[in-house]
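# Examination of the molecular architecture
Spelled out, the chains give:
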Amino acid sequence: MALYSTAMAEPATTPPPDSDEALMLAFAAGDMAAFDALYERHRRALYAFIARLLTGREAAVDDVFQDAWLAVARSRAAYRPTAKFRTWLFQIARNRSIDLLRERRPALASELASREDDADPFESIADPAAVMPEVALDRADKAAAIARALAALPAVQREAFLLREHGDMPLEDIARVTGVNVETAKSRLRYAVTKLRAALRGIWP
Amino acid sequence: MTAPDPTPEDAALREVQEAYRDLPRAEPSAALDARVRVAVAAEVGTEPASTPRRDSRVLAFARWRRAALPFAAAAAVLVAIGVNQLEQRPEMHYVARSDAPTSRALESAPAPAKEIHEERARLEPTPTPPPPPAFRPPTARAPVIDLPVVMGPPPAAKAAPANEAAELAAAQRSRADAMSSRAGGAMSEVAPMAALSAAPTASPAPAAVATPPMEGGATFEQIRRLLAEHRRDAARAILKRWRETHPDAPLPADLKALETDARH
């Protein structure tokens, strides 16, 4: 599958056993072991996604993470395997993050919740402290540079990149989670990758 | 079939991803994992599957403990009521006892209490007054018949005349014979002892020793005195009592008529 592939396999009506969807259906029927299996599969990716999405607000990461899983439990009876469980889980976490940001940083929350693409992504860098080094050549320096560049990205671009990276989502799923069309999702992801690559080469910002 | 050549966009994304994956990744702590599992389990209403399952006895105890709470509360209420009643009961008992009629207030007591007191007095053994002094003959002679066989004669007997001492010894011998005849050989050695004990007192009277006294001599004398005092019934009773213990003993001739009279 190409990295920018738009292919998305719709889950079958009867999900294969041991799939996320089958486990979720089992959990909806009261099987706590199925929940544990789901939790073990997705806990690291979801936590890292939330932690990067809420960079600078680490204290809220645990609460959003727990709330996301609680929302899964509360919505278990209404769950239908029409979409991939992972997409559904990350969408829940994103919505929780926006709810949290609405309370603490309304501007950032409205940015994430916006369905309009940025006219000029380079002008919406939120973190002025994210100063990029001019030269970053070795591996450790590259990691540090990309961390700063990621924090400097506009929220919607950072979100698109994190969904692609942690959720392993194609553009269609990113578009579904963020509530935009595929082309908008593709544009956000492209802007994000371009800036991060520029940071790795020491040319941005 | 070969994979399509990566686009410049794909190459750029791959380069960024490689750098990004070198970043340390945050992970949920164990405490957060436990918190999530417990919260989800509480939401679902079951126990977390990953927690060690408690065995059936523990679960049964937990269920019993939940069910026992109402029972414990009810038991506590019952105990409190019981203790309260126990605290009140001694006071009632004390009042009743303090109001009970005493012997001093018995006359003014209501009729039932008086009846109870009289009934108790009738049933309870009252201390018997000391028995009246035994009948003693007007003379200084001791009542030999009532004395124990092994007992020696009272001091007064020492002052008795010799013929009376002889009669006393004869009476004790006759009584010892009667008892030995009833008790068999067991008392065979008692009679000589009685005779020996009486002998010193009789020894100063050689006349009495020469003529052996009739059995029951003292009794006969007593009977004769009663007859002389015209107390024939008393004399007859004594004779009758003597005859019961001496069925084969000869009776003086002057008393045979009294015995014949006593039989009728």
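The structure displayed is predicted, hence computed values, not measured ones.

About the thresholds
- Residues numbered from 1 in each chain as written.
- Chains lettered and ligands numbered in written order.
- Predicted model: local features only at pLDDT ≥ 70, side-chain atom pairs only at ≥ 80, totals over all residues.
- Heavy atoms only, no water.
- Helix = DSSP H or I, 4+ residues; strand = E, 2+ residues; numbered from the N terminus.
- Buried < 20%, exposed > 50% of the residue type's maximum accessible area, 1.4 Å probe, protein only.
- Contact = heavy atoms within 4.5 Å.
- Areas by Shrake-Rupley, 256 points an atom, 1.4 Å probe, with all protein chains shown as cover.
- Expected span 1.5 Å × (residues − 1).
- pLDDT = per-residue confidence, 0-100.
- Core = buried A, V, L, I, M, F, W, Y, C linked by side-chain atoms within 4.5 Å.
- Buried area = accessible area lost by both parts, 1.4 Å probe.
- Salt bridge = Lys/Arg side-chain N within 4 Å of Asp/Glu carboxyl O.
- Polar contact = N/O pair within 3.5 Å; in protein donor to acceptor, adjacent residues only side chain to side chain.
- Nonpolar A, V, L, I, M, F, W, Y, C, P; charged D, E, K, R; others polar.
- Axes fitted to C-alpha atoms, helices over the stretch in contact; angles between N-to-C directions.
- Parallel < 35°, antiparallel > 145°, perpendicular 65-115°, else oblique.
- Left-handed = near helix turned anticlockwise from the far one by under 90°.

So, about the overall build of chain B. The helix and strand tally for chain B stands at eleven helices and zero strands. Starting at the N terminus and ending at the C terminus, chain B contains elements arranged as α-α-α-α-α-α-α-α-α-α-α. Scored against the burial criterion, the 264 residues of chain B give a buried share of 26%. In chain B, the share of contacts with a sequence separation of at least 24, taken over all contacts with a separation of at least 6, comes to 56%. In the form shown here, chain B has an accessible surface area of approximately 18,800 Å², with 61% of it arising from carbon and sulfur atoms.

The next subject is the overall build of chain A. Along chain A, the regular secondary structure elements total nine helices and zero strands. Walking chain A from its N terminus toward its C terminus, one meets helices and strands in the order α-α-α-α-α-α-α-α-α. The burial tally for chain A puts 55% of its 205 residues in the buried class. By sequence separation, contacts in chain A at least 24 residues apart represent 68% of the contacts at least 6 residues apart. Accessible surface for chain A amounts to roughly 8,800 Å². Of this, 51% is attributable to carbon and sulfur atoms.

Once that is clear, we can look at helix α6 (residues 139-152) of chain A. Compared with an ideal rise of 1.5 Å per residue, which puts 14 residues at 20 Å, α6 of chain A spans 20 Å between its outermost C-alpha atoms and is within 8% of the ideal. Looking at the buried residues of α6 of chain A, the elements they touch are α2 (32-53), α7 (155-166) and α9 (182-200) of chain A together with α1 (8-20) of chain B.

Across chain A, the average pLDDT comes to 81, with 79% of residues at 70 or higher. Contacts for the low-pLDDT stretch residues 118-137 of chain A, under 50 throughout, to residues beyond four places or in other chains number 37 contacts.

So, on to the nonpolar core. Core analysis: the largest hydrophobic core is formed by 71 residues, its most contacted members being Trp69 and Phe161 of chain A. The leading source of residues in this core is α2 of chain A, at twelve residues. Counting residues in hydrophobic clusters, the runner-up holds eleven residues, among them Leu226, Leu239, Trp242 and Leu251 of chain B.

Turning our attention to the interface of chain B and chain A. Each partner contributes to the interface: chain B provides 34 residues, whereas chain A provides 43 residues. Of the roughly 3,600 Å² buried where chain B meets chain A, counting both sides, 62% is carbon and sulfur surface. Counting across the interface, chain B meets chain A through nine salt bridges. For Glu15 of chain B, the salt bridge goes to Arg201 of chain A, with nearest N and O atoms at 3.3 Å. Across the chain B-chain A interface, the total number found is 15 residue pairs in polar contact (both at pLDDT 80 or more). With eleven residues, α1 of chain B is the largest single contributor of residues to the side of chain B that touches chain A. Partitioning the side of chain B that touches chain A into residue classes produces 18 nonpolar, three polar and 13 charged.

With that settled, the discussion passes to the packing of α7 of chain A against helix α8 (residues 171-178) of chain A. Residues and elements named next belong to chain A. Put simply, α7 and α8 touch, their axes get as near as 10 Å, and they point 130° apart. For the element pair α7 / α8, the angle class is oblique. For the element pair α7 and α8, the recorded crossing hand is right-handed. In this structure, α7 contributes Glu159, Ala160, Leu163 and Arg164 to the contact, and α8 contributes Ile174, Val177 and Thr178.

Here the focus is the side chain of Gln66 of chain A. Note on placement: Gln66 of chain A falls in helix α3 (residues 61-74). Apart from the residues lying within four places of it in its own chain, the contact partners of Gln66 of chain A are Leu32, Arg35, Val36 and Ala39 of chain B.

When two helices pack together, their arrangement is given by the angle between their axes and by how far apart the axes lie. All names here are of chain A. It is the contact of helix α4 (residues 85-104) with α8, at a shortest axis distance of 9 Å, that shows an interaxial angle of 35°. The element α4 and its partner α8 pack so that their crossing is right-handed. Residues Thr87, Phe90, Gln91 and Arg94 of α4 form the contact with α8, whose own contacting residues are Asp173, Arg176, Val177 and Thr178. Looking at the contact of α4 with α8 residue by residue, the class counts come to two nonpolar, three polar and three charged.

Here the focus is the pattern of salt bridges. Taken as a whole and judged by the stated rule, the model has 21 salt bridges over all chains. In this structure, the salt-bridge partner of Glu40 of chain A is Arg43 of chain A, at a minimum N-O distance of 3.9 Å. Highlighted residues: Glu40 of chain A and Arg43 of chain A, both in helix α2, separated by three residues, approximately one helical turn. Each of Asp36, Glu40 and Arg43 of chain A together with Asp33 and Arg37 of chain B takes part in salt bridges that share partners, so that together they form one network.

All names here are of chain B. Its twelve residues place the ends of helix α9 (residues 217-228) 16 Å apart at the C-alpha level, agreeing with the 16 Å of an ideal helix rising 1.5 Å per residue. What α9 keeps buried is the set Gly217, Thr219, Phe220, Ile223 and Leu226. Phi turns positive one or two residues past the end of α9, at His230, with a value near 60°.

For the rest of this paragraph, the subject is unusual backbone geometry. With phi around 55°, Asp168 of chain A is a residue other than glycine that occupies positive phi space. Inspection of the secondary structure assignment puts Asp168 of chain A in the loop between α7 and α8. We note that His230 of chain B has phi near 60°; this positive angle belongs to a residue other than glycine. Its place among the elements puts His230 of chain B in the loop between α9 and α10 (232-245). Residue classification places His230 of chain B among the exposed positions, given a relative accessible area of 73%.

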